[in-house]
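Observations on the three-dimensional arrangement
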Amino acid sequence: MNMQLVTGNHAAGHSLSLAGEANRGARGAVCGIYPITPQTEIVEYVARFPFSKGRVIPVESEHSAMGVCIGAALNGARAFTASSANGLAYMAENVLVAAFYRLPIVMAAVNRTLGPPWNIWADQGDTLMFRDFAWVQFYCDSNQDVADTALLAFRLAEDPRILLPVMVCMDAFIVSHTSMEVELASQEQVDRFLPPCSVPHRLDPQHPVTVGGMAFPPETLSQRMELDEALRRVPAVLEEHRAEFREVFGREVCGAVDSYRVADADRIVIASGTIATTVRDVVDEWRARGENVGMIRIKMFQPFPGREIRSLCAGVAKIGVVDRNYAAGTGGIFCHEVRANLQGQDGPFVQGYLAGVGGGDVVPGLVDEIMADLSCRTAAGEAVWKGVEP
Amino acid sequence: MSVARAELFGEECLLRPGNTNCGGCGMSVALTMLGRALAGESYSLVIPACCGIVTAGAYPTTSYNVPVIASTFASAPAFASGVAAVNDLNCEPGEHPAHVICWAGDGGTYDIGIATLSATAERNENLIYICYDNEIYGNTGGQRSSATPAAARTTTTPGGKSERKKDIIGIMAAHRVPYAATLSVAHPEDFRDKIRRALGIDGFRFFLIHAPCPTGWKTEPAESVELVRLAVRSGVFPLYEVFGGEDYRINVEPDGTDPLEYYGRQRRFAGEGADPEALRHAAQMRMERLRNLAGRRPID
Ligand SMILES: Cc1ncc(C[n+]2csc(CCOP(=O)(O)OP(=O)(O)O)c2C)c(N)n1
Ligand code: SF4
Ligand SMILES: [Mg+2]
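Rules used in this analysis
- Each chain carries its own residue numbering, running from 1 in the direction its sequence is written.
- Think of it this way: whatever chain is written first is A, whatever ligand is written first is 1, and the rest follow in order.
- It should be noted that, the model being predicted, local features are given only for residues of pLDDT at least 70 and side-chain atom pairs only at 80 or more, the latter also being counted only at that level, while totals for whole chains, interfaces and linings use all residues.
- Here the side-chain values reflect all heavy atoms present in the structure, with hydrogen atoms and water set aside.
- Runs of E in the DSSP output that reach at least two residues are strands. Runs of H or I that reach at least four are helices, and both are numbered from the N terminus.
- Using C-alpha atoms as the atom set, the radius of gyration is obtained and then compared with a globule rule of 2.2 Å times the number of residues to the power 0.38.
- Any residue under 20% of the maximum accessible area for its type is buried, any over 50% is exposed, and the rest in between are partly exposed; the area is computed with a 1.4 Å probe on protein chains only.
- The convention is simple: Lys and Arg are positive, Asp and Glu are negative, and His and the chain ends are not counted.
- Working definition for charges: the position is that of NZ of Lys, CZ of Arg, CG of Asp or CD of Glu.
- Angles run from 0 to 180 degrees between N-to-C directions of axes, and those axes are lines fitted to C-alpha atoms, restricted for helices to the stretch in contact.
- Orientation categories follow fixed angle ranges, with anything under 35 degrees roughly parallel, anything over 145 roughly antiparallel, 65 to 115 roughly perpendicular, and all other angles oblique.
- Note on convention: the crossing is left-handed when the near helix lies turned anticlockwise from the far helix by less than a right angle, right-handed when the turn is clockwise.
- Here a residue-residue contact requires only that any non-hydrogen atoms of the pair lie within 4.5 Å.
- Asp, Glu, Lys and Arg are counted as charged, while Ala, Val, Leu, Ile, Met, Phe, Trp, Tyr, Cys and Pro are counted as nonpolar; the rest, among them Gly, fall into the polar class.
- We define buried area as the total accessible area lost by two parts upon association, computed with a 1.4 Å probe and summed across both.
- For salt bridges, the criterion is a side-chain nitrogen of Lys or Arg within 4 Å of an Asp or Glu carboxyl oxygen.
- Contacts described as polar in this section are N or O atom pairs within 3.5 Å, which, within protein, must combine one atom able to donate a hydrogen with one able to accept it, while residues neighboring in sequence count only if both atoms come from side chains.
- Whether a residue is near a molecule or strand is decided by its heavy atoms; if any one of them lies within 4 Å of it, the residue is near.
- All accessibility values rest on the Shrake-Rupley procedure with a 1.4 Å probe; residue burial counts only the protein chains present in the view.
- At least two DSSP bridges between two strands are required for those strands to pair.
- The nonpolar core is taken to be a set of buried Ala, Val, Leu, Ile, Met, Phe, Trp, Tyr and Cys residues, with the residues joined through side-chain atoms within 4.5 Å.
- The domain boundaries here were taken from an automatic or database domain assignment.
- Each metal's donors comprise the N, O and S atoms found within 2.8 Å of it (within 3.2 Å for Na, K or Ca). Water is not part of the atom list, so some coordination spheres may appear incomplete.
- For Phe, Tyr and Trp, where Trp contributes only its six-membered ring, two rings pair if their centres lie within 6.5 Å, and the inter-plane angle classes them as stacked under 30 degrees, edge-to-face over 60, or tilted in between.
- Note on geometry: a ring has a charge over it if NZ (lysine) or CZ (arginine) is within 6 Å of the ring centre and within 35 degrees of the ring normal.
- In this analysis, the expected span of each helix is defined as 1.5 Å times one less than the number of residues it contains.
- Directions from the helix axis toward the C-beta atoms define the arc.

Attention shifts here to the overall build of chain B. Helix and strand content of chain B: 12 helices and 8 strands. At 19 Å, chain B has a C-alpha radius of gyration in line with the 19 Å of a compact globule built from 300 residues. Taking the principal axes of the C-alpha coordinates as reference, chain B spans close to 55 × 50 × 35 Å. When the 300 residues of chain B are sorted by exposure, 56% land in the buried category. For chain B, the separation between the mean place of its 29 positive charges and that of its 34 negative charges on side chains is 4 Å.

Glancing now at the packing of helix α6 (residues 143-158) of chain A against helix α8 (residues 217-249) of chain A. Helix packing geometry: the angle between the two helix axes and the distance between the axes. Residue and element names in this part refer to chain A. It is the contact of α6 with α8, at a shortest axis distance of 10 Å, that shows an interaxial angle of 125°. Relative to α8, the element α6 lies oblique. Here α6 and α8 pass one another in a crossing that is right-handed. Contact residues: Asp-148, Leu-151, Leu-152, Arg-155 and Leu-156 in α6; Val-234, Val-237, Leu-238, His-241, Arg-242, Glu-244, Phe-245 and Phe-249 in α8. Looking at the contact of α6 with α8, its residues break down into 8 nonpolar, 1 polar and 4 charged.

It is common to give the size of an interface as the accessible area lost on bringing the parts into contact. Of the residues lining the interface, 35 residues belong to chain B; the matching set on chain A comes to 39 residues. A buried area of about 2,800 Å², summed over both sides, lies between chain B and chain A, and 63% of it is on carbon and sulfur atoms. Seen at the junction of chain B and chain A, the total is 1 salt bridge. The shortest N-O distance in the salt bridge between Glu125(B) and Arg55(A) comes to 2.9 Å. The interface formed by chain B and chain A contains 16 residue pairs in polar contact (both at pLDDT 80 or more). When contributions to the side of chain B that touches chain A are tallied by element, the ones reaching two or more residues are β2 (68-70), α4 (76-89) and α6 (114-122) of chain B.

All names here are of chain A. Of note, Ser-375 is situated in helix α12 (residues 364-376). Assessed through its relative accessible area of 24%, Ser-375 is described here as partly exposed. Linking Ser-375 and Asp-266, residues 109 residues apart in sequence, is a C-alpha distance of 9.6 Å.

This part is about the site of ligand 1. Residue and element names in this part refer to chain B. Inspection of the region around ligand 1 gives 17 residues, with Cys-51, Gly-107, Tyr-132, Gly-138 and Asn-139 positioned closest. One of the side-chain nitrogen or oxygen atoms of Asn-134 is found 2.9 Å away from an oxygen atom of ligand 1. Gly-138 places a main-chain nitrogen or oxygen 2.8 Å from an oxygen atom of ligand 1. The protein chains hide 76% of the 580 Å² of surface that ligand 1 would expose on its own. The greatest single-element share of the shell around ligand 1, amounting to 3 residues, is contributed by helix α5 (residues 106-111). Within the shell around ligand 1, the residues separate by chemical class into 8 nonpolar, 7 polar and 2 charged.

To continue, consider the sheet that holds strand β10 (residues 257-260) of chain A. Residues and elements named next belong to chain A. Strands sit in the order β10-β12-β11-β14-β15-β16 across an open sheet of 6 strands; the sheet is mixed. Each end of this open sheet is capped by a strand with a single partner; those strands are β10 and β16 (384-385). In the sheet, strand β15 (residues 349-354) pairs with β16 via 2 bridges, with the strands oriented parallel. Note on β16: the bridge partner recorded for Tyr-353 is Val-384. Helix-sheet contacts for helix α9 (residues 275-288) involve β10, β11 (267-271), β12 (293-298) and β14 (318-323), and the interaxial angle to β12 is about 170°.

To continue, consider the site of ligand 2. Inspection of the region around ligand 2 gives Cys22(B), Cys25(B), Cys51(B), Asn134(B), Cys213(B), Pro214(B) and Thr215(B) as its neighbouring residues. Tallied by class, residues from the shell around ligand 2 come to 5 nonpolar, 2 polar and no charged.

Below, the discussion takes up the nonpolar core. When a protein is soluble and globular, its nonpolar side chains tend to lie buried together. Grouped together as the largest cluster of nonpolar side chains are 209 residues, with contacts concentrated most on Trp103(B) and Phe206(B). The element that contributes the greatest number of residues to this core is α8(A), accounting for 9 residues. Looking at which domains feed residues into this core, each of domain 1 (3-249) and domain 2 (257-385) of chain A gives three or more. Of all hydrophobic cores here, the second largest spans 21 residues; its members include Trp286(A), Tyr353(A), Ala355(A) and Val384(A).

Attention now moves to the sheet that holds strand β3 (residues 54-58) of chain A. All names here are of chain A. In space, the 7 strands of this open sheet follow the order β3-β2-β4-β5-β7-β6-β13, with mixed pairing throughout. Across the chains shown, the open sheet's two edge strands, defined by having one partner strand only, are β3 and β13 (300-302). For this sheet, the mean angle separating the axes of adjacent strands, direction not counted, is 20°. Relative to strand β7 (residues 166-171), strand β5 (residues 106-111) runs parallel, the two being bridged by 6 bridges. Paired with Val-106 across the bridge in β7 is Val-166.

All names here are of chain B. The protein atoms that coordinate the magnesium ion (ligand 3) are Asp-106 (OD), Asn-134 (OD1) and Ile-136 (O), at distances spanning 2.0 to 2.1 Å. When the donor residues of the magnesium ion (ligand 3) are listed from N- to C-terminus, their spacing reads D-x27-N-x1-I. Separated by 30 residues along the polypeptide, Asp-106 in helix α5 and Ile-136 in the loop between β4 (128-133) and α7 (168-174) bring together distant segments of the chain.

Residues and elements named next belong to chain A. Structurally, Ser-142 is set in the loop between β6 (136-139) and α6. A polar side-chain atom of Ser-142 sits 3.5 Å from a polar atom in the side chain of Asp-141. With residues up to four places along the chain from it excluded, the contact list for Ser-142 reads Val-175 and Met-180.

Our focus in this paragraph is the packing of aromatic side chains. In total, this model carries 20 aromatic pairs over all chains according to the counting rule given. For Arg289(A), the ring lying beneath its charged end belongs to Trp286(A), and the centroid distance is 4.9 Å.

On to helix α12 (residues 276-295) of chain B. Residues and elements named next belong to chain B. With 20 residues, α12 should reach 28 Å at 1.5 Å per residue; the first-to-last C-alpha distance of 29 Å fits that figure. Along α12, the positions that sit buried rather than exposed are Leu-279, Ala-283, Met-287, Leu-290, Leu-293 and Ala-294. End-on view of α12: buried residues confined to an arc of 120°, all on one side of the axis. Along α12, exposed side chains directed more than 90 degrees from the buried face belong to Arg-289 and Asn-292. Those residues of α12 hidden inside the fold are in contact with β7 (239-243), β8 (247-252) and α11 (259-263).

So, to be careful, I would describe these as geometric facts and stop short of saying anything about function.
Given below as structure tokens:
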């Protein structure tokens, strides 16, 4: 076992690099890099890595970092990058292209508040901006989860049934810059876990096609439908890859959702990222007082695990969703999705809580207030802002 | 019919018959010349948003005889850097990697893509960048770009543009790229020779093609090639090359033709803002400066 005390950024850089190196027997690896706090250490890690068949290209912008990945992936290489906040906003146009060209690019994204105001702390608004961009998105809760999910991401992205880019998201500083004990993969394990990257539609001089030219509505519509079908295949394929992960690495990696003490719960708090860890502790405190509360952690946001949420919430009276993000005018984005997916089901109401927006700490006391508020309610109302200075 | 076409254009035809470009389009002619100059070479194209990607036609057909990637408007050199990196990584020792060529308009080159172009040139990526310069945003219906010359009327400069055209070769030379050159569809041998010269050079290579656009220039389609020939003869668009950003070489000496012969045939210059003396003077000054730069190199 290779246990090491490392940051989330280190864990991400390690897994991305080993995945790139694992493609040395095929077309190699390419990484377009551009710095932005708090992800910079990830691309610095990759830039230091001695690839035997790879190139790290230090470009002039995030837009180009993704551009380089797109060109490399279309030429058959394993391609990856990392970014945060306004870097992601600047990259957006090419983020879209990566998915619409069906390229298995992996991006580590450190969730940071979109500016202005300039704020480097945790907020998921940056990656959730890509909700509708057909990227698979995972929200990690620990450094180990980052290290493992980054490897799982390549396996899923490159699966011929999927061929979609994958984002591996983590909370700024709480994960990216905090050291935890992590079992880091070895090159030999990654070589076993990741088959050579194959992009079936890569450039082929014997069969010249134009990738991404003009298309009329019927062809565009069928391409969108194919995207939708690929996204729908993700949950089942992910389970296969998790089983293989277990076999190679001898440990579990969390899939689409995780739940805690929900079996007999009448109230459930749903959260993502590191907030879920705090909620878990508060659930224990409330359980000790005889309160039937539980927790669901949504790890995969896109495609949204609606079926799992529906079955876990069956028979529950009240659901609170904690969002560390704010969609202007409408509240928390996870809350919207949960509501949309529970629609038509008799029973639970879904109350939204905006906590830690702009990076404030979501401490146990705050989660305690959320549970108390949820317990008193008889119906859902407007989203409640938490952590506001009196 | 198809047999006759194959005989006429051969296997090496880059731009296949049947594309939808306007009649008299200089870009179409330039693509044909490029295909001939690259006969026998393995290459792919990266084309940003511009007339050149519309040329490909609609999915699933393509007018191009080589693999093409459509890039976002600003990103052609970034996409191409990724493609070229993988070609280089997969090249057997002693072998030459397949060429990667960006084919971009002036809008993608001088305007929205200039930061990415600059960075790619600075990193000296192993690729060829070709800007076909029709001095206008053709695809969106004829708006100004920073390559539009002074006095030209466009839909966004209805009274004639008051600013002068950017010196893009000067900008590339300032990056000290291994090779930069201008090309004209009126000079096919010079076109072919310089493309072939670039194939033998490693690193970043830049070309600027004067690409007549009858639709945007308000000119007669049949006169396109004659027009750009006048531009070379009068020194409005000189043919020259720059090695390593320092060593300037003029390929075709202007023959003293009056620049107004070039300007006078285009309705885009027929506005009141166009001062004939100023246009003539500007062309002469530019040529003068270029001669000075070329004179800097020792005579061989
Ligand atoms: C980001 C972005 N902004 C705007 C456009 C719209 N657009 C497409 S082509 C074009 C102009 C292209 O001009 P140029 O590069 O000179 O090529 P030409 O059309 O003249 O061949 C514009 C503005 C776009 N595709 N992408
Ligand atoms: S608008 Fe101009 S550049 Fe575009 S296809 Fe027509 S003639 Fe060619
Ligand atoms: Mg143009």
